[in-house]
Amino acid sequence: MLLVLLVVCVLLWWWYQRRRSYLEPPEYPGALPVLGHLHLVLIANSAMVSDPDDALTVANTCFKKNFMYKFAKPWVGNGLITASVPIWKQHRKVLNPTFSLLVLNSYMEVFNRQARRLVGRLSNHAGQGPFDHLLETRQIALETICMTAMGLDLTDDALIDGKYTRAVNEVMNIFLRRYLAPWLYFDFIYQRSDLKKKQDQIVEILHNVSDGLLELSEEHGMFTEEEMREHVDTIIVSGYETIASALFFTIILIGSYPRVQECLLKELNSVLGDNERDVASQDLPRLVYLEAVIKESMRVYTVVPIVARYIDRDVKLKKCTLLAGNTCYLSLYGIHRHSMWGVEAEEFRPERWLNTATLPDNANAFLAFSLGKRNCIGKTYAMMSLKTTLAHFLQRYKVTADHTKMALKMDILLKSVTGHEIYIEKRSR
């Protein structure tokens, strides 16, 4: 009787979990009671690769993502990350021009404006003791992505004394809940009243999807409105969290190494002067040490630590062969700690990027933006945004932190378990 009662309780709990939130996206098919999708993982043979050359061989031979990426399809559909190989090949080729340097340079005004907003939001924390800056970096990154990907300006007529108006809160909340993953949801004001009106606002926003995609759709006749929405959703979902995390980790590392921070300030004052002007696109290539710091931060704390590919054909590696039908996990985190980085592979040393002789003699050593032909389409966007944001932040604040006290976990992204506190104080001019 006790066994029967236990089984009934477990089944009731499973049923409740499946029904408790109508806001969650559809579940990936094949789930079993209690076990969920565990059986799919257990029956799949898999291998972990941390050799850079072998990883590139797999990445450029097997373009198909493994089954776990299908969990994201209810949120982003057939965007570049989750699309089948034929769709990815066709759409990636057409989307590349939307990330050209000419287009990205036009975003500098947004990058600068958002960097100043972050500086302003952090002013309440200056000199007030330690605080966790993750929420601030996430919100600024989300706003920036929305502005550049959708043309949705959250600052014009949407701010009152630095706070969201109720209308913008409601619109953004429904957008996040309906079109993005639940973990992106912040504490925006949510009211169910007048829901139809708010949904109409969302539709209007989606019709303002980036001019680049609309032009491509008209020119090539290949993107439906649904496909455009899926690509924009993918850009927002993938770009928002990764840029926010990279900014989060980089600020912590800069605060942990006063010497690095002083070198950064010296370079920023040399390139930008001390008048707190905006960063221009032509300034970015001159911020050499800042780029070295960002790259080293992304090496030490690899935001996307693992990439998974389905092995759809036998793949010959240096010392073995991966058989078709299995899964291969490419450990970008492991490659960033490969012996080719030397005995100080675990150490944060931005200077290694300033001399090619101190870098590994392997083009696949640094994989912060993934690897192979199916790499991150937004890597230049991310670097431009990070450089601009950090330039404004560091010219206005001195930051103190200790990255050795940070506890990490590997999820889809590398994350701090409980956040991490930093201390900032305003710089005197």
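Residues numbered from 1 in each chain as written. Predicted model: local features only at pLDDT ≥ 70, side-chain atom pairs only at ≥ 80, totals over all residues. Heavy atoms only, no water.

A.B. asks: What is the right way to look at the pattern of salt bridges in this model?
C.D. replies: Think of it this way: side chains of opposite charge can pair up when their charged atoms draw near. Applying the stated criterion across every chain, the model contains 16 salt bridges. A salt bridge links Glu-351 to Arg-259, with the nearest nitrogen and oxygen atoms 2.7 Å apart. Residue Glu-351 is located in the loop between α15 (332–335) and α16 (379–396), and its partner Arg-259 is located in helix α13 (residues 258–272); the two are separated by 92 residues in the primary sequence. By relative accessible area, Glu-351 is classed as partly exposed at 25%. Judged by relative accessible area, Arg-259 falls into the partly exposed class, the value being 49%. When the shortest N-O distance is used, the salt bridge between Arg-352 and Glu-296 registers 3.0 Å. Highlighted residues: Arg-352 in the loop between α15 and α16 and Glu-296 in helix α14 (residues 288–300), separated in sequence by 56 residues. Residues Arg-352 and Glu-296 agree in their burial class; the two are buried. Connected through salt bridges with shared partners, the residues Asp-51, Asp-53 and Lys-318 form a single ionic network. (Salt bridge = Lys/Arg side-chain N within 4 Å of Asp/Glu carboxyl O. Helix = DSSP H or I, 4+ residues; strand = E, 2+ residues; numbered from the N terminus. Buried < 20%, exposed > 50% of the residue type's maximum accessible area, 1.4 Å probe, protein only.)

A.B. asks: Hey, could you run me through unusual backbone geometry in this one?
C.D. replies: Both trends apply: most residues other than glycine have a negative phi, and most peptide bonds are in trans. Positive phi is not limited to glycine here, since Ser-370 has a value of about 70°. If you trace the backbone, Ser-370 turns up in the loop between α15 and α16.

A.B. asks: Looking at this structure, I do not really get the packing of α13 against α14. What am I missing?
C.D. replies: Packed helices, taken two at a time, are described by the angle between their axes plus the distance between the axes. Packing of α13 against α14 brings their axes to within 8 Å, and their N-to-C directions diverge by 145°. For the pair α13 and α14, the contacting residues are Arg-259, Val-260, Cys-263, Leu-264, Glu-267 and Leu-268 in the first and Val-288, Tyr-289, Leu-290 and Val-293 in the second. Here the residues of the contact of α13 with α14 sort into 8 nonpolar, no polar and 2 charged. (Axes fitted to C-alpha atoms, helices over the stretch in contact; angles between N-to-C directions. Contact = heavy atoms within 4.5 Å. Nonpolar A, V, L, I, M, F, W, Y, C, P; charged D, E, K, R; others polar.)

A.B. asks: Would you mind going over helix α7 (residues 108–122) with me for this structure?
C.D. replies: Helix length check: α7 (15 residues) gives 21 Å between terminal C-alpha atoms against 21 Å at 1.5 Å per residue, within 8%. Within α7 the residues assigned to the buried category are Met-108, Val-110, Phe-111, Asn-112, Gln-114, Ala-115, Arg-117, Leu-118, Val-119 and Leu-122. (Expected span 1.5 Å × (residues − 1).)

A.B. asks: Quick question: what am I supposed to make of the side chain of Ser-256 here?
C.D. replies: For Ser-256, the position within the fold is in helix α12 (residues 225–256). Residue Ser-256 is classed as buried on the basis of its relative accessible area of 17%. Those residues in contact with Ser-256 that lie beyond four places of it in its chain are Ala-401, Asp-402 and His-403.

A.B. asks: Could you clarify how one ought to interpret α13 in this entry?
C.D. replies: Helical geometry: 3.6 residues make up each α-helical turn, so side chains three or four residues apart lie on a common side. The first and last C-alpha atoms of α13 sit 21 Å apart over 15 residues, in line with the 21 Å expected at 1.5 Å per residue. All of the buried residues in α13 are Val-260, Gln-261, Leu-264, Leu-265, Glu-267, Leu-268, Val-271 and Leu-272. The buried residues of α13 all sit within an arc of 165° when viewed along its axis, so they share a single face. Exposed residues pointing more than 90 degrees away from the buried face of α13 are listed as Pro-258, Lys-266 and Ser-270. Among the residues trailing α13, Gly-273 stands out with phi positive, at a value near 80°. (Arc of directions from axis to C-beta.)

A.B. asks: Honestly, the state of the cysteines in this entry has me stumped. Any pointers?
C.D. replies: By definition, a disulfide is the covalent link that joins the sulfur atoms of two cysteine residues. Evaluation of the coordinates by the stated rule reveals 0 disulfides. The closest cysteine sulfur to the non-disulfide-bonded Cys-62 is located on Cys-328, 8.1 Å from its own sulfur. This cysteine, Cys-320, is not joined by any disulfide, and Cys-328 carries the nearest cysteine sulfur, 8.7 Å off. Given a relative accessible area of 39%, Cys-320 falls into the partly exposed group. (Disulfide = S-S within 2.5 Å.)

A.B. asks: How should I be thinking about the packing of aromatic side chains in this particular structure?
C.D. replies: Scanning the entire structure with this criterion turns up 9 aromatic pairs. Ring geometry for Trp-341 versus Trp-353: centroids 5.8 Å apart, planes at 50°, classification tilted. With Trp-341 in the loop between α15 and α16 and Trp-353 in the loop between α15 and α16, this pair connects stretches of sequence that are 12 residues apart. With a relative accessible area of 6%, Trp-341 lands in the buried category. Residue class for Trp-353 comes out buried when judged on its relative accessible area of 16%. Centroid distance Phe-393 to Tyr-397: 5.8 Å. Interplanar angle 50°. Geometry classified as tilted. Neither residue differs from the other here; Phe-393 and Tyr-397 are each classed as buried. Here the aromatic residues Tyr-107, Phe-111 and Tyr-381 are joined through ring pairs into a cluster of three or more. We note Lys-64 situated over the ring of Tyr-310; from NZ or CZ to the ring centre the distance is 4.8 Å. The aromatic ring of Tyr-333 is capped on one face by Arg-337, whose charged end is 3.9 Å from the ring centroid. (Phe/Tyr/Trp six-rings, centres within 6.5 Å; stacked < 30°, edge-to-face > 60°. Lys NZ or Arg CZ within 6 Å of the ring centre and 35° of its normal.)

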